[in-house]
Amino acid sequence: MNEVKEHDSLEQMIRQQVIERGIADPAVLDAMRSVPRERFFSGDQRDSAFADKASPIGHGQTISQPYMVALMTQRLDLARGHRVLEIGTGSGYQTAILARLSGEVYTVERVKPLLDEAWERLMDLGIRNVHFRHGDGMLGWPDQAPFDRILITAGAPRVPEKLLRDQLRDGGVAVVPVGPDDGQMLLRIVRRGRKLEPRDVVPCRFVKLIGQGAWDDPSADDR
């Protein structure tokens, strides 16, 4: 694709897949316009960059469909000064959107090759307010807590209560898909003291959240 075609495809994606489905926050739309989605796909997959679907990125992981990225971002209700914990860096696309809208992003990924590739992409885009960590996302980033916002980009079998109570600021917001591996409910959760107040957003389907207190790693040796 040349630059003009990519720009036209991006704008068409935003209008048809995002705006027409009810995403109206101008800051979210501007952030999506500012991040070249095709840069997060390998060369042989770039034709899928603007498709209305999740796409594989290797290692059993996916990049979420544009609408889901926009919806999760809008439900976080981000502000420029916010410190955000993202669990599941993946391709780095959602990370880049968060970075455009918040103060600092702390992102954790358990698959090292994906983390390395995401770091390179964000460096190439000049994004410098993201901090990267390789490890179990369910452990969060305790030495940087509390966070104003937490986004989990994989499906958890249950609400990760310990993580949210320990690392989400009082009054803070988390967005997380919760449920069985064949389909989850996207939840928006507000922490009020030690109480967590979840609200349903939309049915969804994400890859499994692997880690302590989530799903077991299917690639781990059964020993």
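Model, not experiment: these values are computed from the prediction. (Residues numbered from 1 in each chain as written. Predicted model: local features only at pLDDT ≥ 70, side-chain atom pairs only at ≥ 80, totals over all residues. Heavy atoms only, no water.)

Quick look at the overall build of the protein chain
Here comes step 1: Of regular secondary structure, the protein chain possesses 6 helices and 9 strands.
Here comes step 2: For 223 residues, the compact-globule estimate of 2.2 N^0.38 gives 17 Å, and the C-alpha radius of gyration of the protein chain, at 16 Å, lies within 12% of that figure.
Here comes step 3: Dimensions along the principal axes, computed over C-alpha positions, put the protein chain at roughly 50 × 45 × 35 Å.
Here comes step 4: Approximately 10,700 Å² of the protein chain is accessible, and the part contributed by carbon and sulfur atoms is 45%.
Here comes step 5: A gap of 5 Å separates the mean positions of the 31 positive and 33 negative side-chain charges of the protein chain. (Helix = DSSP H or I, 4+ residues; strand = E, 2+ residues; numbered from the N terminus. Rg over C-alpha atoms; globule rule 2.2 N^0.38 Å. Areas by Shrake-Rupley, 256 points an atom, 1.4 Å probe, with all protein chains shown as cover. Lys, Arg positive; Asp, Glu negative; His and termini not counted. Charge placed at Lys NZ, Arg CZ, Asp CG, Glu CD.)

Some remarks on the pattern of salt bridges
Here comes step 1: Following the criterion strictly, the structure yields 13 salt bridges and no others.
Here comes step 2: A salt bridge links Arg 169 to Asp 148; its shortest N-O distance comes to 3.0 Å. Taken together, the residues Arg 169 in strand E7 (residues 168-178) and Asp 148 in strand E6 (residues 147-152) connect sequence positions 21 residues apart.
Here comes step 3: A residue is classified by how much of its surface remains accessible, and Arg 169, at 34% relative accessible area, is partly exposed.
Here comes step 4: Overlapping salt bridges bring together Glu 11, Arg 15, Asp 30 and Arg 33 as one network. (Salt bridge = Lys/Arg side-chain N within 4 Å of Asp/Glu carboxyl O. Buried < 20%, exposed > 50% of the residue type's maximum accessible area, 1.4 Å probe, protein only.)

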